[in-house]
Each structure stands twice: as structure tokens, then as C-alpha cells.
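# Commentary on secondary and tertiary structure
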Amino acid sequence: MSSEETPEYPTFNEEWEFSDLVLKTNSASYHVHKAVISMWSPLLKNQILQLGDDEELELDATNPELDLGSDDLLQLLQTIYPPNKPISESNCERLATIGNKLHMFELIRRCEEYLIKNRTPTMALLVFAQTEHLSKLLAKCIDYCSKQSLEELRKTADYDKITPQNLCKLLEVRCLKMEKKLKRSEMRSWELTCTLRAIYESWSKKEGACITHRRIGRVEHKPLTCVNYQ
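As a starting point, this report considers the structure included with it. Computed from a predicted model, the values in this text were never measured in an experiment. (Residues numbered from 1 in each chain as written. Predicted model: local features only at pLDDT ≥ 70, side-chain atom pairs only at ≥ 80, totals over all residues. Heavy atoms only, no water.)

## Focus: the pairing of strand 2 (residues 29–32)
In this sheet, strand 2 lies alongside strand 1 (residues 21–24) in antiparallel orientation, the contact comprising 4 bridges. Counterpart to L23 in the pairing with strand 2 is Y30. Between the antiparallel neighbours strand 1 and strand 2 lie 4 residues. (Pairing = 2+ DSSP bridges. Helix = DSSP H or I, 4+ residues; strand = E, 2+ residues; numbered from the N terminus.)

## Focus: the packing of aromatic side chains
Within the structure shown, the criterion is met by 3 aromatic pairs. Considering the side-chain rings of W16 and Y81, the 5.8 Å spacing of their centres and the 50 degrees angle between planes classify their relative orientation as tilted. Taken together, the residues W16 in the segment before strand 1 and Y81 in the loop between helix 4 (72–80) and helix 5 (92–101) connect sequence positions 65 residues apart. Classification of W16 by relative accessible area gives partly exposed; the value is 26%. Among the aromatic residues, those joined into a cluster by ring pairs are F12, W16 and Y81. (Phe/Tyr/Trp six-rings, centres within 6.5 Å; stacked < 30°, edge-to-face > 60°. Buried < 20%, exposed > 50% of the residue type's maximum accessible area, 1.4 Å probe, protein only.)

## Points about the nonpolar core
If you look at the biggest cluster of nonpolar residues, it comprises 49 residues, and the most contacted ones within it are L23, I37, L77 and L126. Residues contacting L77, with those up to four places away along its chain left out, are F12, L23, Y30, V32 and I37. (Core = buried A, V, L, I, M, F, W, Y, C linked by side-chain atoms within 4.5 Å. Contact = heavy atoms within 4.5 Å.)

## Some points on a positive patch on the surface
A cluster of basic residues, K180, K181, R184 and R188, forms a positive patch at the surface. For K181, a relative accessible area of 56% gives the class exposed. (Patch = residues over 30% accessible without salt bridge, like charges linked within 9 Å, V, L, I, M, F, W, Y side chains within 5 Å. Areas by Shrake-Rupley, 256 points an atom, 1.4 Å probe, with all protein chains shown as cover. Salt bridge = Lys/Arg side-chain N within 4 Å of Asp/Glu carboxyl O. Lys, Arg positive; Asp, Glu negative; His and termini not counted. Charge placed at Lys NZ, Arg CZ, Asp CG, Glu CD.)

## Description of unusual backbone geometry
The omega angle of the peptide bond from P82 to P83 is 10 degrees, so this bond is cis rather than trans. Among the structural elements, P83 can be located in the loop between helix 4 and helix 5. The residue F12 is not glycine, and still its phi comes out positive at about 60 degrees. The exposure class of F12 is buried, given its relative accessible area of 1%. Although it is not a glycine, F18 sits at a positive phi angle of roughly 65 degrees.

## Quick notes on helix 8 (residues 135–145)
For helix 8, the set of buried residues is L137, L138, C141, I142 and C145. Projected down its long axis, helix 8 shows its buried positions confined to an angular sector of 135 degrees, all on one face. Turned more than 90 degrees away from the buried face of helix 8 sit S135 and K136, all of them exposed. (Arc of directions from axis to C-beta.)

## Things to note about the sheet that holds strand 1
With respect to topology, 3 strands assemble into an open sheet ordered 2-1-3, the strand pairing being mixed. Strands at the two margins of the open sheet, each flanked by one partner only, are strand 2 and strand 3 (56–58). Direction aside, the axes of adjacent strands within the sheet are offset by 25 degrees on average. As judged from the 3 bridges shared by strand 1 and strand 3, these two strands associate in the parallel manner. Pairing of K24 across the sheet is with E58, part of strand 3. (Axes fitted to C-alpha atoms, helices over the stretch in contact; angles between N-to-C directions.)

## Section: a negative patch on the surface
A contiguous patch of negative charge on the surface is contributed by E14, E15, D20, D53, D54 and E55. Mapped onto the elements, D53 comes out in the loop between helix 2 (42–49) and strand 3. What makes D53 exposed here is its relative accessible area of 79%.

## Some points on the packing of helix 6 (residues 105–118) against helix 8
The N-to-C vectors of helix 6 and helix 8 enclose an angle of 20 degrees; their axes lie 9 Å apart at closest approach. Considering the angle they form, helix 6 stands roughly parallel to helix 8. Every pair of crossing elements has a handedness; the one defined by helix 6 and helix 8 is left-handed. Each of E112, L115 and I116 in helix 6 lies in contact with helix 8, whose residues at this interface are S135, K136, L137 and K140. (Parallel < 35°, antiparallel > 145°, perpendicular 65-115°, else oblique. Left-handed = near helix turned anticlockwise from the far one by under 90°.)

Purely spatial values, then, with no claim about function.
In C-alpha cells form, the structure reads like this:
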């Protein structure tokens, strides 16, 4: 198969290659492997162990909070089974949400990594990271959004969805940045003052500069005569 060809992903619609478990939702059934599912999800592993000799696991019954769409589970399975369907813009957030509910920590990590690398931080993405407990993505979004003024932040549609804790973090990061900027500004001002002072002191020590000229900041270059008023 050439690199340009689209790989064939499993459909899971019938028994295949030693499959020994059927994952069922209200809309579909998928033939999978207990070992593979257990490796990805400790939550499902425990549910599989409780099945005994039964080879069917009703996901909607055991995990009512999943709220799976018609092809959500198929997308999930094609992502975790070789040849591993890539995480993309179209499926990343949904996979992260399902992965969180099923405790698929490696899938969550990969989704978070994708979002960090490929998505520009926004207030909406901050709220998503907050909801799905994506700490690294949340930190990136907080850092990015802290560049905006409080007035600008309040105008965003998702401002009211930020938890008080994360809003405090955002404002804290903004304050620290403003403090650093102020310190840099003060440092530049101090460096400029020191430089001007050094220039003046060097100039005032030039041969021929008299007391009066040092006071008024003027040098009378030779052959002009410096008048010293007593």
C-alpha cells in the first residue's frame, strides 16, 4: 500500500481475528477483543471482569453518562485499533470527552497533545480543557488569554463558564506579566539614568571644563576661554 492510499480501518460489524466480546449501544454492536479494550480502559476492564462467561457488554446500561452518538464508538475503536485512525480536528474533542468518561488515559493524553499543537487557545478551548480536566491545555489557554484585558475577557461568550478557581489563575498570571513588564520598564529607565549620569560625569571631567560649566552642563572647547565666575 502506497503512502497516499487511505488505510482500511476495521468495521467491527462481525466476528474477526479472535474477537471475544461484543460492545453494544442502543444503535449498534461491535465485535472487539477483551484484552485490547482492557488495556485501554481500566473502567471497562472491571466491567468485563464482572461479565463472567457473558460475551456482551451493554455500554449504555453500564455507562449511562456516555451519551454516545451513532458512530462515536466506531470512531473510538478505529482510533485505538491498528492501523489507528489519526486524531484530527473533526474528532479530537469528541474522543477526549468519551475517553474521559471511559478512563482511557492514553487516548486523553494524545487528544490533549493534538489540541496543544494544533489549536489556537481561546476562551472556548479553555472552558473545554477545564471541563475535560486537560491540565496542560488549560495552562496554555490561561497563559494565552491572560494577554487580554479584563474588559475584553468579559465580552467573550464563554467568560461566565470559567470556574472561580481558573479565573483567579488567569488574573494572577495577568498580574505577574504586568509586574514583569513594569519591572523591565523601570530597569530600562534606571539603565538610561545611569548611562546619562556616566556620560555627564565623564564629560564634566574633561580638561578645560570649569565649575560653572559643569553646573550648567556646557563645555567650552579650546581655543575659547572658560570664564570662572567667583
